[in-house]
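Here is what each chain is made of, one letter per residue.
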Amino acid sequence: MTMDMEEFEAAGNGEERLSTSEALVKFLLENRDRAWKRSEIADEINRDPNTVGTNLSRLKDRGLVRHRKNHWAITDDHHRLVEATRFSKAFSTLNKSFGSIIQSEEEAKAWSDAQPDRPHPSVVDGEETTQTIEPEGDNGDDQ
């Protein structure tokens, strides 16, 4: 299988290849003074425009990028961005230490297909709720 020259050069100098989401966040953060079209971003980070579009939508759902008309920009919620970056670094460390959870494209598709279309019932309007379940036969009276 062939390798593009950017990947070839990165492999030779010890650089690690960023995931598409990581490359998107990095690029938009470095260029936070501008909003970009999907195709422009794809060209800049050397990724497939459809993959970029999918990742931008997922990042938008997580509140990490903003979208207006045909343009995309990094979030202005710096706290959310810091937390997401911290999680990403921790996850990368775990992958390096123990290996990736997902070993193939088939597994990645299976994980993606298994994701629910709606939030878990314990999540209402983006916030977790708690529910106390009383044991059967307990009517709440201690007498």
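Scroll up to find the structure.
Below you will find a few notes about this structure. What you see is a predicted model; the values in this text were computed from it and never measured. (Residues numbered from 1 in each chain as written. Predicted model: local features only at pLDDT ≥ 70, side-chain atom pairs only at ≥ 80, totals over all residues. Heavy atoms only, no water.)

## Details of the pattern of salt bridges
For step 1, the next point in the chain: Tallied over the full model, the rule gives 2 salt bridges.
For step 2, the next point in the chain: Here Lys26 ties to Glu30 by a salt bridge, and the two come within 2.9 Å at their closest N and O atoms. Separated by 4 residues within a single helix, Lys26 and Glu30 lie in helix 2 (residues 20–30), roughly one turn from each other.
For step 3, the next point in the chain: On the basis of relative accessibility, which here comes to 53%, the residue Glu30 falls in the exposed class.
For step 4, the next point in the chain: With a shortest N-O distance of 3.8 Å, Asp76 and Arg66 are connected by a salt bridge. Here the residue Asp76 occupies a position in the loop between strand 3 (71–74) and helix 5 (78–98), and Arg66 occupies one in strand 2 (residues 65–68), the gap between them amounting to 10 residues.
For step 5, the next point in the chain: Note on Asp76: relative accessible area 54%, which makes it exposed. (Salt bridge = Lys/Arg side-chain N within 4 Å of Asp/Glu carboxyl O. Helix = DSSP H or I, 4+ residues; strand = E, 2+ residues; numbered from the N terminus. Buried < 20%, exposed > 50% of the residue type's maximum accessible area, 1.4 Å probe, protein only.)

## Comments concerning helix 3 (residues 38–45)
For step 1, the next point in the chain: Turning to helix 3, its buried residues are Ile41, Ala42 and Ile45. Axial view of helix 3: buried residues confined to an arc of 100°, hence all on one face. (Arc of directions from axis to C-beta.)

## Considering the nonpolar core
For step 1, the next point in the chain: Core analysis: the biggest nonpolar cluster contains 17 residues, and Leu24, Leu28, Ile41, Ile45, Val52 and Leu56 have the highest contact counts within it.
For step 2, the next point in the chain: Of all elements in the fold, only helix 2, helix 3, helix 4 (49–61) and strand 3 reach the threshold of two or more residues within this core.
For step 3, the next point in the chain: Broken down by element, this core gets its largest block of residues, 5 residues, from helix 2.
For step 4, the next point in the chain: With residues up to four places along the chain from it excluded, the contact list for Ile45 reads Glu6, Thr20, Ala23, Leu24, Phe27 and Val52. (Core = buried A, V, L, I, M, F, W, Y, C linked by side-chain atoms within 4.5 Å. Contact = heavy atoms within 4.5 Å.)

## Here's the deal with the environment of Trp36
For step 1, the next point in the chain: Secondary-structure assignment places Trp36 in strand 1 (residues 36–37).
For step 2, the next point in the chain: A relative accessible area of 15% places Trp36 in the buried class.
For step 3, the next point in the chain: Taking the C-alpha atoms as reference points, Trp36 and Asn70, separated by 34 residues in sequence, lie 7.9 Å from one another.
For step 4, the next point in the chain: For Trp36, the residues in contact, after removing those within four places along its chain, are Phe27, Leu28, Asn31, Ile41, Glu44, Asn70, His71 and Trp72.

## Brief notes about the packing of aromatic side chains
For step 1, the next point in the chain: Summed over all chains, the structure comprises 1 aromatic pair.
For step 2, the next point in the chain: For the pair Phe27 and Trp36, a centre-to-centre distance of 4.8 Å together with 65° between the ring planes defines the contact as edge-to-face. Both residues of the pair, Phe27 and Trp36, belong to the buried class. (Phe/Tyr/Trp six-rings, centres within 6.5 Å; stacked < 30°, edge-to-face > 60°.)

## So, the sheet that holds strand 3
For step 1, the next point in the chain: Taken in spatial order, the 3 strands of this open sheet run 1-3-2, and their pairing is antiparallel. The two strands at the open ends of the sheet, each matched to only one other strand, are strand 1 and strand 2.
For step 2, the next point in the chain: Note that strand 1 and strand 3 share 2 bridges and pair antiparallel. Counted as the bridge partner of Lys37 is His71 from strand 3.
For step 3, the next point in the chain: With respect to the sheet, helix 4 is in contact with strand 2 and strand 3, its orientation differing from that of strand 2 by roughly 110°. (Pairing = 2+ DSSP bridges. Axes fitted to C-alpha atoms, helices over the stretch in contact; angles between N-to-C directions.)

So far we have only geometry, and geometry alone does not tell us how the molecule works.
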